[in-house]
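Structural overview for review
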Amino acid sequence: MAAVDEGGIAVARERFFADEAVGHGVRNRVLMSWQRCRSLGLVPEHAPYLYHPDVDMNGRLVHAALPVLDQLEAQISGIDVSVLLCDEKARILQRRVGESALLRSLDELPALPGWGCPEQIVGTNGVGTALVERRPVLIRGPEHFAESLRLHACAGAPIRDPISGRILGVLDLTCLDRIAHPAMLSLVVDAAARIEQRLLEQTSEREQMLLRAFLDATHRAGVLPADLLPSHDRLRLLEKATELISVGHVGMAMVPLSGNRAATLRSFPVDDPGGVSGIAVEAVLDGGPPRYVASSDPGDGTPPAKTGPPSLDAVLKATAPATTPAASAPAVPAEAATDRWLLAVSEPSIGRLALQARERLALLCEAGARIGTTLEVTRTAEELTEVAVPRFADHAAVDVSPDVLRGREPSSLGAGLLRIALATAQRESCLQGVGSLLHLLPSTPQAHCLAMGQPVLESGPDTALEEGEQGVGSVIAVPMRARGVTLGVVSFYRAPHTDAFEDDDVTLAAELVSRAAVCVDNARRYTHEHAMSLELERAAASLKQSLDSQRHFTADASHELRTPLAGLRTQLEEARLHPDETDLADLLDRTLGDVGRLQAIITDLLLLAQIGAIPPSALERVDLARLAESEAARRLGDRHTTHLDLTGEVTVDAVPAQLVRLLSNLVDNAHRHAAGSVTVAVRRVGDQAELTVTDDGPGIPEAERDRVFERFARPDTARGRRQGGTGLGLAIAREIAHAHHGTLHAEEASPHGARFVLRLPLPE
């Protein structure tokens, strides 16, 4: 039989332990197992089996598997193949070996009854890895993580309880890798299925024993006509009886019925001579003589004929409610009256499973009604956790890619997951809170489920959880996938003091997350479409603003340029008509002054038209204090002194040239109106940077303080009658402030004068 490509796997192992890309030299599921082992700190040179002295070697699993093991032992006689039966913790319960040479090899490991080989200790192997992945696996030679197992090949298949679906153990075939064959996996899967069938037959025997106990009780109690109670009352009694059976010990309950009646239910143990124990439930109606019911057909009270081995399911169906409610309850023959009305008999485990099935259906029904009521990603995630806690889990968390909240399809989850929802049944939670950015360790079940693309169940003290988690007994991690895209991961947790999750819980968790994933993806798509709609609205508003700016520019230019041009034309025409009376030098001075003012107006108008939204790439870190110092140094020759009031470095993200122009315009305005001094101050105010320019001039009336920022505004005040400027300086300054998401306003200075206040957001 052909062996695996040891050279290819050897290269893959070397690259793996050197933290290099492995490539295609090893199967993906084997690679994921190696990653789990390394994340737990295992080393291939040392992977010891552990001995457990308290292993039950004669339990239910061993009893069911013995005939199958005997058959396999006969089949492998004379062949270097061994059969290992292990429990749910990878501890060896039974061992059958075909040849003594292999026996010596297994003894050296040691692979002996009582010794354990979980993946968390031994590394990748047919038993431990089958338990972790909860499915059959075949591990060949160098695919084992431990060097001590490289000469072996092992095929393992989980053995499940046919009633609950819980994994009870693993059946494993081990041989030398040089004689291994892929058909080993099919053989061990078939043998595991035969063991599961034996477990089911054991259950059927228990049901038959309980049925005999039930028939004996009903024969003694007599038979109740089927129309004694309306169907809804019968259903209510049976539901409560199921709850009492699930408790597994003596108990009582009052059940209200129609017609102002009530029934008292009492549960008590019943035993069969075969040694099987069950729980029986009897009922007594208030307001009348005791009534009795049995599971057989109504009639003469004789037990039904036995046509074959009946099952407990048949007993429960026989006690199902009648389809037609009775108008009144007929009298029961006196000879049928005793002290008990027998309602049902069952094993506690059967009642518990029935209750769990009903609770799961109710939970799915509630999830369908409550999840997805809005088109908000975060709220949909919160609805999922609210449905799951506390009915399904003690804690539930939803972690998604940050791109999902922005409406984008996540390209990669490597940058971390953002926790957007968390619900807990306890006052204090050990889990990281909403808003936390999680970087998953490779050993966590969340990382495993994302890598495999399927739910992962882990439980027990060795469970690897997210950083900071403690006090968690079991966890189910489910990838949140919709339309072929992984959006994130949902984690359900149960505390150590509660029942651990089982396989049926994994199916339920996957169904809950599947429903929520579609709703989350719908909300994500809506967010994306809404963002695009807002972007189009902003683009339309920006276009309208541009058109308005062009119209303003045209109107301002035609208004402000017409008067200087007309005056200039008049002066030139007068000089041409009266050349002898014209002072050429004076004419040239006045003409050049008008041309300079026209040029300044055109420059400012063009700047106003260009100021708008600033792209992030154009922003630089600017120190306002140093900017103020530079402006003051530039004005050393001005008529008034520029004073500085600085409190240290205050930086903002801005376009440096525009902030220089803004400060220059404010200082120019202050110098034109100051009586003796101008002060520039810089400081921090909360989460904003503040720059103020103050003069000691006549000030600005409150009614005019906003109008001074309009284009070509000249208030009819002492300050407005001062000469100089284009009338656009303050308008330009405010536009620059707004483009940087800031504000600029004027206020009164003390004792007199005006103060212009610029506030810009501080960098994050």
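Scroll up to find the structure.
Residue positions are given per chain, counting from 1 as you read along its sequence in written order. Restriction of local features to residues with pLDDT of at least 70 applies here, the model being predicted, together with a cutoff of 80 or more for giving and counting side-chain atom pairs; totals for whole chains, interfaces and linings are based on all residues. Based on all heavy atoms of the structure, the side-chain values leave hydrogens and waters out of the count.

With that settled, the discussion passes to the environment of Arg 150. On the secondary structure map, Arg 150 appears in the loop between strand S5 (137-140) and strand S6 (152-160). Accessible area is worked out with a 1.4 Å probe on protein chains only. A residue is then buried under 20% of its type maximum, exposed over 50%, and partly exposed in between. Taking relative accessible area as the criterion, Arg 150 reaches 25% and is therefore assigned partly exposed. Taking the C-alpha atoms as reference, Arg 150 lies 7.8 Å from Arg 140; in sequence the two are ten residues apart. Among all residues touching Arg 150, those that are not within four sequence positions of it are Arg 13, Gly 141 and Pro 142. Polar contact is the term for a pair of N or O atoms within 3.5 Å; when the atoms are in protein, one must be able to donate a hydrogen and the other to accept it, and sequence-neighboring residues count only if both atoms are side-chain atoms. Here Glu 147 takes part through its side chain, which lies 3.3 Å from a polar atom of the side chain of Arg 150. A run of H or I in DSSP becomes a helix once it reaches four residues, and a run of E becomes a strand once it reaches two; helices and strands are each numbered from the N terminus. Every residue pair with non-hydrogen atoms within 4.5 Å of one another is taken to be in contact.

Only the six-membered ring of Trp is used, alongside the rings of Phe and Tyr, when aromatic pairs are assigned; centres must lie within 6.5 Å, and planes under 30 degrees apart are stacked while those over 60 apart are edge-to-face, with the rest tilted. In total, this model carries seven aromatic pairs according to the counting rule given. Look at Phe 16 and Phe 17: their rings are 5.1 Å apart centre to centre, the planes differ by 80 degrees, and that puts the pair in the edge-to-face class. Taking the relative accessible area as the measure of exposure, Phe 17 reaches 35% and is therefore partly exposed. Lysine and arginine charges are scored as sitting over a ring when NZ or CZ, respectively, is within 6 Å of the ring centre and within 35 degrees of the ring normal. Over the aromatic face of Trp 34 sits the side chain of Arg 13, whose NZ or CZ is 5.5 Å from the ring centroid. The ring of Phe 709 is capped by Arg 734, whose NZ or CZ atom sits 4.0 Å from the centre of that ring.

A few words on the packing of helix H17 (residues 656-673) against helix H18 (residues 729-739). Closest axis-to-axis distance for the H17/H18 pair is 9 Å, and the angle between their directions is 145 degrees. Judged by the sense of rotation from one axis to the other, the crossing of H17 with H18 is left-handed. On H18, the residues touching Gln 658, Arg 661, Leu 662, Asn 665, Leu 666 and Asn 669 of H17 are Gly 729, Leu 730, Ile 732, Ala 733, Ile 736 and Ala 737. Gly counts as polar in this scheme, as do all residues outside two lists: the nonpolar Ala, Val, Leu, Ile, Met, Phe, Trp, Tyr, Cys and Pro, and the charged Asp, Glu, Lys and Arg. Residues of the contact of H17 with H18, tallied by class, amount to seven nonpolar, four polar and one charged. Comment: axis = line fitted to C-alpha atoms, over the contacting stretch for helices; angle = value between 0 and 180 degrees taken between N-to-C directions. Helix crossings fall into two classes, left-handed where the near helix is turned counterclockwise from the far one by less than a right angle and right-handed where it is turned clockwise.

In this section: the nonpolar core. Take the buried Ala, Val, Leu, Ile, Met, Phe, Trp, Tyr and Cys residues and link them wherever side-chain atoms come within 4.5 Å; each set so joined is a nonpolar core. Among the nonpolar cores identified, the biggest contains 43 residues, and Leu 624, Val 652, Leu 659, Leu 666, Val 693, Leu 744 and Phe 756 are the most heavily contacted of them. Core analysis: the next-biggest nonpolar cluster, separate from the first, contains 40 residues, Ala 381, Val 387, Val 389 and Val 490 among them.

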